[in-house]
Number of protein chains: 2
Amino acid sequence: MTGENGDVSTTFSILTGMTETPHWLTPAEQQAWRSFIRMQERLTGRLSRELLADSGLSAADYAVLVSLTDAPGGRRRMLDLARSLEWEKSRMSHHIARMARRDLVRREECAEDGRGAWVVVTPGGREAIAAAAPLHVEAVRRLVIDPLTPAELAMLAQISDRITERLDEDAP
Amino acid sequence: MTGENGDVSTTFSILTGMTETPHWLTPAEQQAWRSFIRMQERLTGRLSRELLADSGLSAADYAVLVSLTDAPGGRRRMLDLARSLEWEKSRMSHHIARMARRDLVRREECAEDGRGAWVVVTPGGREAIAAAAPLHVEAVRRLVIDPLTPAELAMLAQISDRITERLDEDAP
DNA sequence: AGGATATAGTTGATCCATCAACCAAAGGTC
DNA sequence: GACCTTTGGTTGATGGATCAACTATATCCT
């Protein structure tokens, strides 16, 4: 029954008849990759669920509000905001529309560019993030910072930056 | 104008009147955390877009098909599948319904448990993953394995496992 | 000035993820 | 064997993400 039971790496060449076997991951590479993926999915799932439960903000809401409260006047241009979060402009537009409905944020016309629009954080938005931030930071500390040594955390940053560089080089 | 311009860490105590300042991240911690988040979002975005463009499978489809082709007979129980991917059963149910519509997968009644259901990979599903796997593995190698030294990859696995352990301990 | 092109942003369709509510069969327990 | 809880799974509503198509203003070129 091994024919029915092979994993992708074994069934592939059988099914396609390719002679050049692809460059599969070694067991160590595979284990590392799967560990990373699992961690990453569980971590972001947990953090966003905690954030939402504690404060009613999604991770996306939180990122937008941090970016806005960081900016002078609590305002940014739509596309500037989108680029700083590395979102597509369409996603930003939809998301800001939803946040505006909840009074976290408000659109304003842009005097110096007739096409443009400002996004401005409202008092309600400031309250929301002020309430959310300490709990969220505490969760990040508990789940990520604390279990790692400072050296490991530095390694994580280094590894992350190297992969991000590669993503930039190897443009879509 | 500094009142309008402070970041979350400075505005929080002003707005809430708390006297105990929360345990904010140090600059090094913050930089590491932001590097990680950025990498993680861009990497999964890129990988899933490439996968979809190359093979018409989403990352979720891919994970389901790998799990099924790994199992004896190419079949698994619904909840078993859900647990192995750490998905909620409702997500699994919806997703399997969509995959079944595309003939990647098929439901079967379960003889030994009247409530249960099997999910079985179809020939079409096997073809799809056989076509997708080499390209996807190549992308993972290019974007993650290659830019890291073996020691860094091992560190990434170690760090990931440590965080996952913490997630398990610190149960929701 | 007039036309081409680039930039800033919106919209609608479609698919995905999450939550709460629900249903039905299995397994105790008295 | 009637009741209760647990287990396995579905459903519908809602909000979020992505893609392609579109509008309107600005800018560049001659």
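Each value, and the rule that gives it
Residues numbered from 1 in each chain as written. Chains lettered and ligands numbered in written order. Predicted model: local features only at pLDDT ≥ 70, side-chain atom pairs only at ≥ 80, totals over all residues. Heavy atoms only, no water. Pairing = 2+ DSSP bridges. Helix = DSSP H or I, 4+ residues; strand = E, 2+ residues; numbered from the N terminus. Axes fitted to C-alpha atoms, helices over the stretch in contact; angles between N-to-C directions. Contact = heavy atoms within 4.5 Å. Buried area = accessible area lost by both parts, 1.4 Å probe. Salt bridge = Lys/Arg side-chain N within 4 Å of Asp/Glu carboxyl O. Polar contact = N/O pair within 3.5 Å; in protein donor to acceptor, adjacent residues only side chain to side chain. Nonpolar A, V, L, I, M, F, W, Y, C, P; charged D, E, K, R; others polar. Buried < 20%, exposed > 50% of the residue type's maximum accessible area, 1.4 Å probe, protein only. Phe/Tyr/Trp six-rings, centres within 6.5 Å; stacked < 30°, edge-to-face > 60°. Lys NZ or Arg CZ within 6 Å of the ring centre and 35° of its normal.

> Help me out: how do you make sense of the sheet that holds strand β3 (residues 117–121) of chain A in this one?
Pairing between the strands of a sheet comes from backbone hydrogen bonds, and it takes one of two forms, parallel or antiparallel. Residue and element names in this part refer to chain A. Reading across the sheet, the three strands line up as β1-β3-β2 and stay open at both edges, with antiparallel pairing between neighbours. Because the sheet does not close on itself, it has two edges, and the strands there are β1 (75–77) and β2 (105–109). The sheet shows a mean angle of 30° between the axes of neighbouring strands, direction not considered. Pairing of β2 with β3, which is carried by five bridges, proceeds in the antiparallel orientation.

> So what exactly am I meant to see when it comes to the interface of chain A and chain B here?
Where interface size is quoted, it is often the accessible area lost as the parts come together. Chain A puts 70 residues into the contact, and the matching count from chain B is 70 residues. A buried area of about 7,100 Å², summed over both sides, lies between chain A and chain B, and 63% of it is on carbon and sulfur atoms. One salt bridge in this structure joins Arg141 of chain B and Glu29 of chain A, with 3.1 Å as the shortest N-O distance. Taken together, the links from chain A to chain B amount to 28 residue pairs in polar contact (both at pLDDT 80 or more). Only α1 (2–5), α2 (8–16), α3 (27–55), α4 (59–70), α7 (123–145) and α8 (150–169) of chain A provide two or more residues apiece to the side of chain A that touches chain B. A per-element tally of the side of chain A that touches chain B places α3 of chain A first, with 16 residues. Here the side of chain A that touches chain B is built from residues that sort into 35 nonpolar, 15 polar and 20 charged.

> Whenever I open this one, the pattern of salt bridges confuses me. Can you help?
Opposite charge on two side chains permits pairing when their charged atoms draw close. Across all of its chains, the model carries 32 salt bridges over all chains by this definition. Close ionic contact of Asp170 of chain B with Arg142 of chain A constitutes a salt bridge, the shortest N to O distance being 2.8 Å. Of the two residues, Asp170 of chain B is situated in the segment after α8 (150–169) and Arg142 of chain A in helix α7; the pairing between them involves two chains. Overall, the relative accessible area of 22% leaves Asp170 of chain B in the partly exposed class. Judged by relative accessible area, which is 18%, Arg142 of chain A ranks as buried. Arg162 of chain B is paired through a salt bridge with Glu152 of chain A; the nearest N and O atoms lie 2.5 Å apart. In this pair, Arg162 of chain B is assigned in helix α8 and Glu152 of chain A in helix α8, connecting two distinct chains. Since its relative accessible area comes to 6%, Glu152 of chain A is described here as buried. When salt bridges that share partners are traced, they join Arg46, Glu50, Glu138 and Arg142 of chain A together with Asp170 of chain B into one network.

> I tried to follow the packing of aromatic side chains on my own but got confused; where do I start?
Taken as a whole and assessed by the stated rule, the structure comprises two aromatic pairs over all chains. Seen in terms of ring centroids, Trp33 of chain A and Phe36 of chain A are 5.9 Å apart; in terms of plane orientation they differ by 35°. Their pairing is tilted. With Trp33 of chain A and Phe36 of chain A both in helix α3 and three residues apart, this pair spans about one turn of that helix. What makes Trp33 of chain A buried here is its relative accessible area of 12%. With a relative accessible area of 1%, Phe36 of chain A lands in the buried category. Arg75 of chain A extends its terminal NZ or CZ atom over the ring of Trp118 of chain A, reaching a point 5.7 Å from the ring centre. In this structure, Arg77 of chain B is placed above the aromatic ring of Trp118 of chain B, and the distance from its NZ or CZ to the ring centre is 5.9 Å.

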